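# Structural features, examined
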Amino acid sequence: MTGSYVSSREKARTEGRDPEKPRRSGLSDRQLAAAMAAPAAVLIIVFAFYPFAMAAWNSFNDVDINTGAASWAGLGNYVAIFSSPETVASIGRSVVWTVANLVLQVVLGVGVALLLNAGLRFQGLARGLVLFPYMVPAIVVALIFRFMFNDVTGLINYLLQTIGLIDAPVSWLSDPSTLLGTVIVVNVWKYTPFFVIIVLARLQTIPRELYEAVSVDGGGARHRFSTVTVPAIVPVVLAGALLRTIWTAYDFDLPFLLSNGGGPDRAAVTVPLEIRSLAFDAQSIGQASALAVCTAILLTGAAYFYLRSYRRAERASG
């Protein structure tokens, strides 16, 4: 028995293997990795690449919504969407919608995360309450805020009139001048916790020694914030901003539900709502696809910018 064990060890050495490690059978590391990644790759192809390829193809065709029959249109659909004042206006609203949401969510998210990391009383309870909006379904959020912003029975008008900020009720969700801003406020309330979560997680990983080193060198609270906290959280904020930019640009549910499909004068019709209108109201699959493709290209450019900025921030903080 001992001779057999010794001979197997000698054989392992002659084969260049570690005699203490058992021989592995079956798939190699590369084959195992490919097998584990295959289901995700199939899902990405089916639910991402294939729909985008179909949208790109449809954007160059006039597609019958009933039969699916397509006739070549070339660049006609792209010319049509950029010649339409309504579609161009929806693109402008989407830019305002995305930028306003992103700026407010980043500023509020970072501010709240800094407060929750400051060691205040009831900090654990506050963290739980801050995460609450992010967990509420969009349909529930829309129902709650449609009631709160009601111009007759809404709580918002009552409170603002009570403290004297307004003299008469405001039609927050039916006035074109206030509709988009109101929807932005609701969206910021719901999704600011996303930035709170990721920034707070990063703040809790910063070594205390870095702050102590700055203090030893004579730096105050402002200097500690600018030299330690900011470089540490910038990469996280950029990564979160990339995700939120894409998600916000394609956000459909809250604008649609709060504005009842776009609101008066199409005041809350952003690109996702315009794509729906082109596809199902105007029954122009080709123009809807062209607008979707243009949006995807713009967001790809934004993603490239974010990733470059992220890499620079990582090198700076490392």
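Another point: the overall build of the chain. Within the chain one finds 13 helices and two strands. Compactness check: the chain gives a C-alpha radius of gyration of 27 Å against a globular reference of 20 Å for 318 residues, more than 25% above the reference. Classification of the 318 residues of the chain by burial places 35% in the buried group. Here the contacts in the chain between residues at least 6 apart in sequence split such that 65% fall between residues at least 24 apart. A gap of 12 Å separates the mean positions of the 24 positive and 20 negative side-chain charges of the chain.

Attention now goes to the packing of helix α3 (residues 76-83) against helix α13 (residues 285-317). In contact at an axis separation of 8 Å, α3 and α13 are set at 80° when each is read in the N-to-C sense. Accordingly, the angle class assigned to the pair α3 and α13 is roughly perpendicular. The segment α3 lies against α13, with N77, Y78, A80, I81 and F82 engaging G286, Q287, A290, L291, V293 and C294. Considering only residue class, the contact of α3 with α13 consists of eight nonpolar, three polar and no charged.

Position of T270 among the secondary structure elements: in the loop between α11 (253-259) and α12 (271-281). On the basis of relative accessible area, T270 is assigned to the buried category, the value being 1%. Not counting chain neighbours up to four residues away, the residues in contact with T270 comprise S90, R93, S94, W97 and D251.

Right, let's get into helix α8 (residues 176-203). Each α-helix winds once per 3.6 residues, and so residues spaced three or four apart point in a common direction. Taking 1.5 Å as the rise per residue, α8 with 28 residues should run 40 Å; its terminal C-alpha atoms sit 41 Å apart, in good agreement. Bending of α8 peaks at approximately 35° at the position of K190, with proline P193 no more than four residues after it.

Now for the environment of W97. Along the chain, W97 turns up in helix α4 (residues 85-116). Considered as a pair, W97 and G181 are 84 residues apart in the sequence and their alpha carbons are 8.5 Å apart. Residue contacts for W97: discarding those within four places in its chain leaves L180, V183, I184, N187, T248, D251, P255 and T270.

Right, let's get into the side chain of K190. Position of K190 relative to the elements: it lies in helix α8. Here K190 occupies a buried position and makes no salt bridge, while the nearest side chain of opposite charge, D253, is found at 7.2 Å. Here V136 takes part through its backbone oxygen, which lies 2.4 Å from a polar atom of the side chain of K190. Excluding its chain neighbours within four sequence positions, the residues that come into contact with K190 are P133, Y134, V136, P137, A138, V141 and L254.

Moving on: unusual backbone geometry. Non-glycine residue D265 carries a positive phi angle of around 60°. The residue Q283 is not glycine, and still its phi comes out positive at about 55°. Structurally, Q283 can be placed in the loop between α12 and α13.

Averaged over every residue, the pLDDT of the chain is 87; the share at 70 or more is 92%. In the predicted structure, residues 1-5 sits below a pLDDT of 50 and forms zero contacts with residues beyond four places in sequence or in another chain.

About the criteria used
Residues numbered from 1 in each chain as written. Predicted model: local features only at pLDDT ≥ 70, side-chain atom pairs only at ≥ 80, totals over all residues. Heavy atoms only, no water. Helix = DSSP H or I, 4+ residues; strand = E, 2+ residues; numbered from the N terminus. Rg over C-alpha atoms; globule rule 2.2 N^0.38 Å. Buried < 20%, exposed > 50% of the residue type's maximum accessible area, 1.4 Å probe, protein only. Contact = heavy atoms within 4.5 Å. Lys, Arg positive; Asp, Glu negative; His and termini not counted. Charge placed at Lys NZ, Arg CZ, Asp CG, Glu CD. Axes fitted to C-alpha atoms, helices over the stretch in contact; angles between N-to-C directions. Parallel < 35°, antiparallel > 145°, perpendicular 65-115°, else oblique. Nonpolar A, V, L, I, M, F, W, Y, C, P; charged D, E, K, R; others polar. Expected span 1.5 Å × (residues − 1). Bend = angle between axes of the 7 residues up to and from the residue. Salt bridge = Lys/Arg side-chain N within 4 Å of Asp/Glu carboxyl O. Polar contact = N/O pair within 3.5 Å; in protein donor to acceptor, adjacent residues only side chain to side chain. pLDDT = per-residue confidence, 0-100.

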